[in-house]
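Given next are the chains, with one letter for each unit.
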Amino acid sequence: MREKLQRFMWGRYGSDQLNRFLMILVLVLLVLSMIFRGPFYFLALAALIYSYFRMFSRNIAKRSAENQWYLRKSMKVRGFFQKKKRELSQLKQYHIYKCPNCKQKIRVPRGRGRIAITCRKCGTEFVKKS
């Protein structure tokens, strides 16, 4: 049986990150359809059908392009949250100020009292409490 499945999948696209996302979306929509009434069940069914269509497709170039598009979009979202996480972890040791002139973010160590901060981008000097 395993060999038959391998022969069937030969030349087909298979699974990728977009398919994993679609499967998670299907599970979430199915749970929502059990809790609430609405179109969640049909949306889950449509996402499942599209996922299987992508998996069994022989047009590998087009499926790969779809996956690359998904990865570009998801990287923007992941990058945003990684940036916020990094900023929150630095708040214990640093104050983060914005330059009043050019709006550049400037990181200053905490506990130094009132200090004069010089923006490296535009050279503006301003005084803040660290």
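What you see is a predicted model, and the numbers here were worked out from it, not measured in a lab.

Focus: the overall build of the protein chain
Secondary structure assignment for the protein chain yields 4 helices and 4 strands. Listing each helix as α and each strand as β along the protein chain from the N terminus yields α-α-α-α-β-β-β-β. Expected size for 130 residues packed as a compact globule is a radius of gyration near 14 Å; at 25 Å, the protein chain overshoots this value by more than 25%. In terms of overall dimensions, the protein chain has C-alpha extents of about 75 × 40 × 25 Å along its principal axes. A total of 130 residues make up the protein chain; the buried ones form 22% of that total. A separation threshold of at least 6 residues defines the contact pool for the protein chain, and within that pool the share at least 24 residues apart is 39%. In the structure as shown, the protein chain presents an accessible area of about 10,400 Å², 61% of it carried by carbon and sulfur atoms.

Some details on the confidence of the model for the protein chain
Overall, the prediction assigns the protein chain a mean pLDDT of 90, with 100% of residues at 70 or greater. When pLDDT is averaged over each helix and strand of the protein chain, the minimum, 80, is found for helix H1 (residues 2-9) and the maximum, 95, for helix H2 (residues 17-35).

Examining the state of the cysteines
Tallying each qualifying case throughout the model produces 0 disulfides. With no disulfide of its own, Cys-102 lies 3.6 Å from the sulfur of Cys-119, the closest cysteine sulfur. Cys-102 gets classed as partly exposed once you look at its relative accessible area, which sits at 23%.

Some details on the pattern of salt bridges
Close approach of charged atoms allows side chains with opposite charge to pair. In this structure the tally under the stated criterion is 5 salt bridges. The partner of Asp-16 in a salt bridge is Arg-54, and the shortest N-O contact between them spans 3.1 Å. Highlighted residues: Asp-16 in the loop between H1 and H2 and Arg-54 in helix H3 (residues 40-56), separated in sequence by 38 residues. With respect to class, Asp-16 is no different from Arg-54; both count as buried. Between Arg-63 and Glu-66 there is a salt bridge; the shortest N-O distance is 3.0 Å. One end of the pair is Arg-63 and the other is Glu-66, both in helix H4 (residues 60-90) and 3 residues apart, which spans about a single turn.

Basis of the calculations
Residues numbered from 1 in each chain as written. Predicted model: local features only at pLDDT ≥ 70, side-chain atom pairs only at ≥ 80, totals over all residues. Heavy atoms only, no water. Helix = DSSP H or I, 4+ residues; strand = E, 2+ residues; numbered from the N terminus. Rg over C-alpha atoms; globule rule 2.2 N^0.38 Å. Buried < 20%, exposed > 50% of the residue type's maximum accessible area, 1.4 Å probe, protein only. Contact = heavy atoms within 4.5 Å. Areas by Shrake-Rupley, 256 points an atom, 1.4 Å probe, with all protein chains shown as cover. pLDDT = per-residue confidence, 0-100. Disulfide = S-S within 2.5 Å. Salt bridge = Lys/Arg side-chain N within 4 Å of Asp/Glu carboxyl O.

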